[in-house]
Amino acid sequence: DEFDLVITNGVCVTATDVAPLDVAVKDEKIVRLAPSGSLKASRTKRLIDAEGGFVTPGGVDCHVHLQEPSMFGKGSSADTYETGTRSAIAGGTTTVVAFAPQQKSLDSVLTALANTHELARDNSYCDYGFHLLVANPCARALSEFQQLASTEGVTSLKIYMTYEALQLRDNEILSVLLEARRNSILTMIHAENGDVLAWLTEQLEAAKLFAPKYHGHSHAPILESEATNRAIALSSLVADTPILLVHVSEPAAALRIRAAQTAGQPIFAETCPQYLFLTRDDLDQPGFEGAKCVCAPPPRDAEDQKAIWRGLRNGTFALLSSDHCPFRFDDAETGKKTCLSEEYPVGRFRHIPNGIPGIETRLPLAFSARKMEMTKFVEVTSTNAAKLYGLYPRKGSLIPGVSDADLVVWYPDGALGDITLTNDILHHDVDYTPYEGRKLQNWPRFTILRGRVMWDRDGGGVVGDKSYGEFLKRQKSTLNAIWDTVQEEGPFDLEKL
Ligand code: DUC
Ligand code: ZN
Ligand code: ZN
């Protein structure tokens with residue numbers, strides 16, 4: 001039998017195991033794992049010598065915004081499907097799940113989905129799926145959930161508790177949760193109190209506090225912990241409907257989540273590199289520079305970072321996703337500098353689009369930090385995402401005959417020396433990185449998608465093409481058997497309230 005690809009002399013890592021193994025690939029699948037060196041002499045079209053470096057499942061990043069209209073009125077997020085996924089594979093990510101946004105003015109969510117398919121088709125370097133973003137949960141939208149999950153392969157959606165253009169009221173959140181529950185759709189929640197944000201923003205502006213750093217003040221931690229608590233309460237009212245709190249940034253919210261999990265509620269949580277590697281000091285730079293780190297929730301304090309690392313290690317957070325949501329810095333029409341004027345020389349923080357690039361730096365930053373075991377690194381950056389979003393075990397693992405041959409080959413320890421992260425080594429369509437100048441110890445050497453080398457750092461960089469990525473129809477979530485809890489609860493019953 002001839003293989004398509006053999007990777008020899010690597011140390012394979014999954015969410016549970018670390019072992020020196022050779023990997024053989026055929027017809028886009030992993031077909032064999034065997035003791036290190038034993039497949040070196042096999043008949044194969046291509047042989048890669050990992051030279052002792054780690055071999056991990058491809059990254060699965062289920063929180064990315066590509067080609068989305070900006071919530072701030074002008075333009076859209078900077079990366080297209082082409083440039084965003086090019087950046088993904090250069091950073092070791094082989095699967096993304098992006099958002100299909102329904103605007104408030106649209107009543108059909110299936111139309112929103114079809115529009116997003118148009119943008120992505122034949123335009124993606126990595127495999128991709130969609131979450132629905134629900135801004136208008138009208139009767140028609142809710143009635144389409146069934147088709148969404150059963151036919152279209154979209155088994156998750158996101159809702160917002162903030163931003164005028166997107167914010168749902170509690171009654172609307174309950175309607176979404178109930179319909180999501182009936183169709184085994186996982187509901188992702190952006191938990192920040194939008195009314196408190198609006199009020200604080202008014203107060204800060206009245207006091208003439210406009211600089212980028214006041215974005216941090218306007219998103220005080222209490223906005224997040226209050227909304228997180230409310231989201232958990234609403235989930236429990238609808239007979240414990242599973243929810244996922246996205247981009248959790250601060251310890252009070254993390255503690256509330258932990259308590260709910262301990263009580264057996266189906267509450268899941270995600271955090272992002274910006275809450276591990278940036279702080280509020282990064283928002284407090286001369287002039288308008290701080291805008292480069294404006295995201296929501298904002299970066300917090302060093303002590304908070306420690307708590308978020310702890311939550312990642314102890315399982316409070318199942319996921320480390322990028323929340324890649326870039327806006328150019330310099331472009332006057334759609335970028336962050338749009339809000340600069342003679343009257344406002346340091347801009348107005350309320351007009352800075354919220355979001356930063358990070359699809360390519362997620363894995364290298366987390367890998368280089370060496371603050372998690374390798375198995376935990378794989379778990380939170382790949383395996384859990386695949387499970388939570390209905391892609392496992394096709395994605396997120398290395399099971400012969402079952403898992404796609406999506407792989408990252410890392411450099412052997414120390415082989416690279418220090419790499420300085422600068423924006424010109426990245427492949428996104430953004431004119432900055434918030435991590436400019438950081439030192440990293442490793443980077444994906446090869447990124448392989450369904451058996452094909454897409455990224456070869458020493459042999460041409462991005463070597464795959466943008467039509468190779470496929471749309472993934474997703475199954476319902478399987479992490480921690482979340483829909484079993486729902487089965488046990490039985491249907492939502494008004495008599496039980
Ligand atoms: N929420 C996100 O999930 N991404 C970017 C901006 C935001 O508010
Ligand atoms: Zn959000
Ligand atoms: Zn996001």
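Residues numbered from 1 in each chain as written. Chains lettered and ligands numbered in written order. Predicted model: local features only at pLDDT ≥ 70, side-chain atom pairs only at ≥ 80, totals over all residues.

**Let's talk about the site of ligand 1**
Line of reasoning, step 1. Surrounding ligand 1, one finds His 65, His 190, Val 246, His 247, Ala 296, Asp 323, Cys 325, Asn 354 and Gly 355.
Line of reasoning, step 2. The class makeup of the residues in the shell around ligand 1 is three nonpolar, five polar and one charged. (Near = placed C-beta within 6 Å. Nonpolar A, V, L, I, M, F, W, Y, C, P; charged D, E, K, R; others polar.)

**Quick notes on the UniProt feature "domain: Amidohydrolase-related" (unreviewed entry) in the chain**
Line of reasoning, step 1. Taking the UniProt record as the reference, the feature "domain: Amidohydrolase-related" (unreviewed entry) is found at residues 54-453.
Line of reasoning, step 2. Helix makes up 33% of residues 54-453 and strand 16%. Its end C-alpha atoms lie 16 Å apart. (UniProt positions renumbered as here; feature names shortened; annotations may be inferred. Helix = DSSP H or I, 4+ residues; strand = E, 2+ residues; numbered from the N terminus.)

**Brief notes about the environment of Asp 493**
Line of reasoning, step 1. Within the element layout of this structure, Asp 493 appears in the segment after α14 (482-489).
Line of reasoning, step 2. A tally of 9 C-beta atoms within 10 Å means that Asp 493 is categorised as exposed.
Line of reasoning, step 3. For the pair Asp 493 and Asp 281, spaced 212 residues apart in sequence, the C-alpha separation works out to 49 Å. (Buried ≥ 20, exposed ≤ 12 C-beta atoms within 10 Å, placed from the backbone.)

**Considerations on the pairing of strand β10 (residues 186-190)**
Line of reasoning, step 1. Within β10, five of the five residues are buried, which leaves the element mostly enclosed by the surrounding structure.
Line of reasoning, step 2. Burial of β10 is two-sided: the residues Leu 186, Met 188 and His 190 facing one way and the residues Thr 187 and Ile 189 facing the other way are all buried.
Line of reasoning, step 3. Summarising the sheet, strand β9 (residues 156-160) and β10 pair through five bridges and their orientation is parallel. Within β10, the position partnered with Lys 158 by the bridge is Met 188. (Pairing = 2+ DSSP bridges.)

**Quick word on the environment of Val 462**
Line of reasoning, step 1. Within the secondary structure, Val 462 is located in strand β19 (residues 461-462).
Line of reasoning, step 2. Taking the C-alpha atoms as reference points, Val 462 and Val 64, 398 residues apart in sequence, are found 20 Å from one another.
Line of reasoning, step 3. Here Val 462 is in contact with Arg 86, Ile 89, Ala 90, His 427, Met 454 and Trp 455, once residues within four sequence places are set aside. (Contact = placed C-beta atoms within 7 Å.)

**Focus: the nonpolar core**
Line of reasoning, step 1. Counting residues in hydrophobic clusters, the biggest one holds 122 residues, and the most contacted among them are Leu 132, Ile 189 and Leu 245.
Line of reasoning, step 2. Looking at which element gives the most residues to this core, the answer is helix α13 (residues 374-388), with six residues.
Line of reasoning, step 3. If we ignore the near neighbours within four places in the chain, the residues touching Leu 132 are Ala 100, Gln 102, Val 109, Ala 112, Leu 113, Leu 148, Val 154 and Leu 157. (Core = buried A, V, L, I, M, F, W, Y, C linked by C-beta atoms within 7 Å.)

**What about the UniProt feature "modified residue: N6-carboxylysine" (unreviewed entry) in the chain?**
Line of reasoning, step 1. The feature "modified residue: N6-carboxylysine" (unreviewed entry), as annotated in UniProt, sits at Lys 158 in this numbering.
Line of reasoning, step 2. As for its position among the elements, Lys 158 is in strand β9.
Line of reasoning, step 3. Beyond its immediate stretch of four places on either side in the chain, Lys 158 contacts Phe 99, His 131, Leu 133, Met 188 and His 190.

**Thoughts on unusual backbone geometry**
Line of reasoning, step 1. Ala 296 connects to Pro 297 through a cis peptide bond whose omega is -5 degrees.
Line of reasoning, step 2. Its location among the elements puts Pro 297 in the loop between α10 (274-277) and α11 (302-313).
Line of reasoning, step 3. Of note, the bond from Tyr 392 into Pro 393 is cis; its omega dihedral lies within 30 degrees of zero at 5 degrees.
Line of reasoning, step 4. Among the structural elements, Pro 393 can be located in the loop between α13 and β14 (407-410).
Line of reasoning, step 5. A positive phi angle, near 60 degrees, is found at Asn 9, a position not held by glycine.
Line of reasoning, step 6. With respect to the helices and strands, the residue Asn 9 is situated in strand β1 (residues 5-13).
Line of reasoning, step 7. Positioned with a positive phi, Glu 51 is a non-glycine residue whose angle comes to about 50 degrees.
Line of reasoning, step 8. Taking the number of C-beta atoms within 10 Å as the measure of exposure, Glu 51 has 13 and is therefore partly exposed.

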